[in-house]
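Architecture at a glance
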Amino acid sequence: MEEVKLWRDKRERDMYDSFADLYAIIKTTDKLEKAYVRDLVSSAEYEAECLKLIAQFRTLHSALRGVVPSLDRFAEAYRLDSPAGINRLLVSGVPATVEHRAAGSSSAAASASAVAECVQHFITAMDSVKLNMVAVDQVHPLLSDLSTSLAKLGNGLLPPDFEGRTKVRDWLARLAKMGAADELTEQQARQLHFDLESSYNAFMAALPNAGS
């Protein structure tokens, strides 16, 4: 029996791989929402995982905007019945726990949006380093966006001595001394990813009410 291929070239194969990733993110988010409602997962675990999924979704959805203009049509085409996941990712954009803390407070709502933005920039930067996008003109804008989003939080949500801010600033200063076409060495890229990951973990741990 002859094998039937879904793609004709590498570009199409990559596209279908991205479709599979998008499908998995939506499905996983839908299951996470149901698990949270049924009290099968703690608020802290739910929030950390949900923020990660939202950031991954935003990065992938942005990359697929030209071929997936409508998420509803994508869900219909691939028989994806995950209304709770789609609502959380596309409509809400922040975890339910963050929505609850922000209820009735415009300043808290703004903080919730800033937290989601920081998570997105953290994960985008880490994923880019993993994908070997290590040229200065690729890395610098990502770290600059991350630094800006961390600054928006001020010292209200994060401690004044939060290590993530310092590490990101140090890397920006280091990159500023290099040329745009220069690339990080394998050792530098590994260290950058480690610094980003440890800063992200510290960021999640520092958020107030994370365990409630």
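About the criteria used
Residues numbered from 1 in each chain as written. Predicted model: local features only at pLDDT ≥ 70, side-chain atom pairs only at ≥ 80, totals over all residues. Heavy atoms only, no water. UniProt positions renumbered as here; feature names shortened; annotations may be inferred. Core = buried A, V, L, I, M, F, W, Y, C linked by side-chain atoms within 4.5 Å. Buried < 20%, exposed > 50% of the residue type's maximum accessible area, 1.4 Å probe, protein only. Helix = DSSP H or I, 4+ residues; strand = E, 2+ residues; numbered from the N terminus. Contact = heavy atoms within 4.5 Å. Phe/Tyr/Trp six-rings, centres within 6.5 Å; stacked < 30°, edge-to-face > 60°.

An unreviewed UniProt entry annotates the protein chain as Vacuolar protein sorting-associated protein 28 homolog of Musa balbisiana. Per UniProt, the comment on the protein chain under Function (unreviewed entry) is "Component of the ESCRT-I complex (endosomal sorting complex required for transport I), a regulator of vesicular trafficking process." As its UniProt record puts it under Sequence similarities (unreviewed entry), the protein chain is described as follows: "Belongs to the VPS28 family."

1. Comments concerning the nonpolar core
Soluble globular proteins: nonpolar side chains tend toward being buried together. Within the largest apolar cluster, 33 residues are counted, with the highest numbers of intra-cluster contacts made by Val119, Leu143, Leu150, Leu184, Leu192, Leu196 and Phe203. Counting only elements with at least two residues in this core, the list comes to α2 (43-63), α6 (106-130), α7 (136-153), α8 (163-176) and α9 (186-206). When sequence neighbours within four positions are dropped, the list of residues in contact with leucine 150 reads Cys118, Phe122, Leu158, Phe162, Gly164, Arg165, Val168 and Phe203. Within the second largest apolar cluster, 23 residues are counted, among which are Phe19, Tyr46, Leu64 and Ile86.

2. With respect to the packing of aromatic side chains
The full count for this structure, using the stated rule, is eight aromatic pairs. Where phenylalanine 122 meets tyrosine 200, the ring centres are 5.7 Å apart and the plane angle is 65 degrees; that geometry is what we call edge-to-face. Note that phenylalanine 122 is positioned in helix α6 and tyrosine 200 in helix α9, a separation of 78 residues in sequence. Overall, tyrosine 200 belongs to the buried group, its relative accessible area being 10%. For the pair phenylalanine 122 and phenylalanine 203, a centre-to-centre distance of 5.7 Å together with 50 degrees between the ring planes defines the contact as tilted. Of this pair, phenylalanine 122 sits in helix α6 while phenylalanine 203 sits in helix α9; the two residues are 81 residues apart in sequence, bridging distant segments of the chain. Judged by its relative accessible area of 0%, phenylalanine 122 is buried.

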